[in-house]
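# Understanding the architecture of this molecule
Below are the chains, spelled out letter by letter.
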Amino acid sequence: MAFDDLFERFHFTARERSEGHAIAPDMLGRVFEGMMDTEERKKTGTYYTPSALVRELFEAAIGAFLTTKYGLAADALAGRIHERDPSLAAMTRTLTILDPAVGSGAFLLGALEWLADVLRDDGTTAVVRRRILAQNIFGVDTSTIAVTLTELRLWLAVLAEEQDGAPEAVEPLPNLDCLIRQGDSLSDPFQTLHSLSPRTVAGGRLLGEIRRRLVHATGPDKSKQARLLKRAESRALRLWLDETEAQLDRQLAECIATGKSKTLFGHRQGLDAPLRAHVRAVRAQRYCLRQARRRLERDRALPWFHYESHFADIFATGGGFDLVIGNPPWIRAEFLPSHVRQQLGRRFRWWSGGSGRGFRHQPDLALAFLERGLELAHREGSVAFLLPTKLATAAYAKKARRMLAQETTLHVVADLTPTHARSFDATTYPLAIVATKGRPSQSHTLRSALAVSEAIRVPQHELRAAETWIIEGDSVQRAMAELAGHPTIGERLVCHLGVKTGANAVFLNPDADIEPHLLRPALRGRDITAWSAAARISIIWTHDANGSPRTALPPLADSYFRRHAARLRGRADFRTGPPWQLFRVGPALAEYKVVWADIARRLEAVPLTPTTHRAVVPLNTCYLIPT
């Protein structure tokens, strides 16, 4: 493995926050991210979460859970949580915590450390940590590297607290592969059946007992317990299939009974079109279940990852996890294969596009994780996620915002961009959402920051009818209300995106000699600050003064574009005409225009005039208004 060379070359300590020259396991999270190339990170949405933010989000999540379940006052509770008060032990000893996209294990490690401190009176630190791993911590990820890395960090967290002595005196490390599972939290083999699925499974408690034995088993007993666990998981799935099919049979019987019932005139009512469609859907679902049962009998093991089977004990005892927490992948829709987008659209209610065409109106993958997290939490459970800030305003997340405001109790909706964005290695604009299942009281307020002392309070009922979420104080809300009666910029002026090349590698900073008069300075969104812009790259300008593509190019440019003709003709926006044409040229030709970045931490604009920025071309990471 790649990790083998890593541990040969560097000296690692077992402690996360170590001093000296040794490398703390916390750095393994950055290693995990660094092992991926940029394109892979973009496709998987994998980014390291800073440890300070992990602690803050976890404390907010624990506060939401304890406030809801035990009716404790949030302000008074916050200090006890931060200090890891042992008086919280009785309320958190049996807590079940899930990270459905575990990554490098940062949140599970944070949970382990917090629980170990709170439960410090239960025994030695090492013993307590082993006990927590056996019953409180669960994780899932599609990546085998992520699963292995999480197990490693949790093992090191146990070893760090072992008493010094001979290595052979250290007890064997716990078996975590039955707790940290490889699987896809969003890929559900029974997508259309989730609303029917029984939330408790007979035999779940026995499965939990076998898993706890497996965690501590060694030698031949480990193999024995692993076999028993596989059988218990298969049995759990079989019972789940039986219970779900029984629900479908009852639905089918009710539909048929309705069709056979008599009208007021004594005629058989029959099945109308909607009822016939429902009957067809139920029969298709039943067929799917029977296929799954046959496959289970054939393979004698679960052919997929399935929460209600692999973690049947969690759903048998509480109907779900107490706390679902994490930083799920942020992946824009255009980076997902079309069949994945279709599956997500069928499976998740909130996965629907906003009004308008194009990928910018399509949901981010993180939205599906948010809905899935709420499904996996039990009826008093809490969900705490780091998500893109655009979920607070984007049209595609409107349904999610409405359902969250109406059906859950929101404790935190915090834009972390001003305080934490620079802690990430990527250009991220993070939003923290902490919620518990169940409708809030009419007087409930949510806060705008993870820390109770720093937060502005906003009544949740104000979000129910809001088009977008603006979590600010009364003065800002009053100002927004005043502005609501005034025309928007869009009603007075037309905003445009800048020039689109469709092939940046060809048009920007060309690696060949081009006639100098065709080169112009190009402006990206990142190059703009308030009242200032510095064009740091060049673009080959292939259009005339009227904005039309040139019918012919000088020799050097002509030769250059001939080499790239196939790529240029393959651009999504290309239809006909010279292959070297650019797109959305018109607005950029205006002599006077105001330009700003399409995505930025705050709105900063600059006027472009013939005097200050002659011939500068705003690219499609800019918005502009010709004046």
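See above for the structure.
The text that follows walks through the structure, step by step, so that each part is easy to find. Remember, predicted model here, so these are calculated numbers, not experimental data.

### Some details on helix H16 (residues 365–376)
The terminal C-alpha atoms of H16, which comprises twelve residues, lie 17 Å apart, in line with the 16 Å expected from a rise of 1.5 Å per residue. Of all twelve residues in H16, twelve are buried; the element is thus mostly enclosed. Where H16 begins, the side chain of Asp364 points an oxygen toward the backbone nitrogen of Ala366, at a separation of 2.9 Å.

### Some words on the packing of aromatic side chains
Enumeration according to the criterion identifies twelve aromatic pairs in this entry. With a centroid separation of 5.3 Å and an interplanar angle of 70 degrees, the aromatic rings of Phe138 and Phe311 are classed as edge-to-face. Here Phe138, found in strand S2 (residues 137–141), pairs with Phe311, found in the loop between helix H13 (307–310) and helix H14 (312–317); they are 173 residues apart in sequence, far enough to count as distant. As far as burial versus exposure is concerned, Phe138 and Phe311 are alike and both buried. With a centroid separation of 5.3 Å and an interplanar angle of 45 degrees, the aromatic rings of Phe507 and Phe561 are classed as tilted. Within this pair, whereas Phe507 is found in helix H21 (residues 504–507), its partner Phe561 is found in helix H22 (residues 555–563), the two being separated by 54 residues in sequence. Here Phe507 matches Phe561 in class, with each residue buried. A connected cluster of aromatic rings, assembled from ring pairs, spans Phe138, Phe305, Tyr307, Phe311, Phe315 and Phe321. Over the aromatic face of Phe348 sits the side chain of Arg347, whose NZ or CZ is 4.6 Å from the ring centroid.

### A word on the packing of helix H4 (residues 51–70) against helix H5 (residues 74–82)
One can describe the packing of H4 onto H5 by two numbers: an axis separation of 10 Å at closest approach and a directional angle of 130 degrees. Regarding the angle of H4 to H5, the classification is oblique. Here H4 runs over H5; the crossing is right-handed. Counted together, Glu59, Ile62, Gly63, Leu66 and Thr67 of H4 and Ala74, Leu77, Ile81 and His82 of H5 form the full contact between these two elements. The residue makeup of the contact of H4 with H5, split by class, is five nonpolar, three polar and one charged.

### Digging into a positive patch on the surface
There is a patch of like positive charges on the surface, built from Arg213, Lys224, Arg227 and Arg231. With three residues, the single largest contributor to the positive patch is helix H11 (residues 219–260). Here Lys224 is to be found in helix H11.

### Re the side chain of Asp558
Structurally, the position occupied by Asp558 is in helix H22. A distance of 2.8 Å separates a polar atom in the side chain of Asp558 from a polar atom in the side chain of Arg562. The residues contacting Asp558, other than those within four sequence positions of it, are Leu553 and Trp580.

### Quick notes on the pattern of salt bridges
For the structure on display, the rule yields 23 salt bridges. Here Arg93 and Asp122 are joined by a salt bridge, their closest N and O atoms 2.9 Å apart. One end of the pair, Arg93, is in the loop between helix H6 (89–92) and strand S1 (97–99); the other, Asp122, is in the loop between helix H7 (106–118) and helix H8 (125–135), and 29 residues separate them in sequence. Arg286 serves as the salt-bridge partner of Asp249, at 3.1 Å between the closest nitrogen and oxygen. Remark: Arg286 occurs in helix H12 (residues 273–299) and Asp249 occurs in helix H11; sequence separation between them is 37 residues. Assessed through its relative accessible area of 19%, Arg286 is described here as buried. One connected set of salt bridges, linked through shared partners, spans Asp242, Glu245, Arg290 and Arg293.

### A word on H12
Working note: α-helix, 3.6 residues per turn, so residues spaced by three or four point in the same direction. Counted at 1.5 Å a residue, the expected span for H12 with its 27 residues is 39 Å, and the 39 Å between its end C-alpha atoms agrees. Among all positions in H12, only Leu275, Val279, Val282, Gln285, Arg286, Leu289, Ala292, Arg293 and Leu296 are buried. On its buried side, H12 packs onto H11. For H12, the N-terminal cap is Asp272; the gap from its side-chain oxygen to the backbone nitrogen of Leu275 is 2.9 Å. Positive backbone phi, at 60 degrees, marks Arg300, one or two positions downstream of H12.

### Comments concerning the side chain of Arg181
Take Arg181: it is sitting in strand S3 (residues 180–182). Only 3.5 Å separates the side chain of Arg181 from the backbone oxygen of Cys178, close enough to count as a polar contact. What Arg181 contacts, discounting residues up to four positions off in sequence, is Gly139, Val140, Asp141, Val147, Glu233, Phe305, His310 and Phe311.

### Remarks on the environment of Val585
On the secondary structure map, Val585 appears in the loop between helix H23 (565–569) and strand S15 (593–597). Owing to a relative accessible area of 7%, Val585 belongs among the buried residues under this scheme. Spatially, the C-alpha atoms of Val585 and Thr501 are 9.7 Å apart, while their sequence positions differ by 84 residues. Setting aside residues up to four positions removed in sequence, Val585 forms contacts with Val499, Trp541, His543 and Gly547.

How each quantity is defined
Residues numbered from 1 in each chain as written. Predicted model: local features only at pLDDT ≥ 70, side-chain atom pairs only at ≥ 80, totals over all residues. Heavy atoms only, no water. Helix = DSSP H or I, 4+ residues; strand = E, 2+ residues; numbered from the N terminus. Expected span 1.5 Å × (residues − 1). Buried < 20%, exposed > 50% of the residue type's maximum accessible area, 1.4 Å probe, protein only. Polar contact = N/O pair within 3.5 Å; in protein donor to acceptor, adjacent residues only side chain to side chain. Phe/Tyr/Trp six-rings, centres within 6.5 Å; stacked < 30°, edge-to-face > 60°. Lys NZ or Arg CZ within 6 Å of the ring centre and 35° of its normal. Axes fitted to C-alpha atoms, helices over the stretch in contact; angles between N-to-C directions. Parallel < 35°, antiparallel > 145°, perpendicular 65-115°, else oblique. Left-handed = near helix turned anticlockwise from the far one by under 90°. Contact = heavy atoms within 4.5 Å. Nonpolar A, V, L, I, M, F, W, Y, C, P; charged D, E, K, R; others polar. Patch = residues over 30% accessible without salt bridge, like charges linked within 9 Å, V, L, I, M, F, W, Y side chains within 5 Å. Areas by Shrake-Rupley, 256 points an atom, 1.4 Å probe, with all protein chains shown as cover. Salt bridge = Lys/Arg side-chain N within 4 Å of Asp/Glu carboxyl O. Lys, Arg positive; Asp, Glu negative; His and termini not counted. Charge placed at Lys NZ, Arg CZ, Asp CG, Glu CD.

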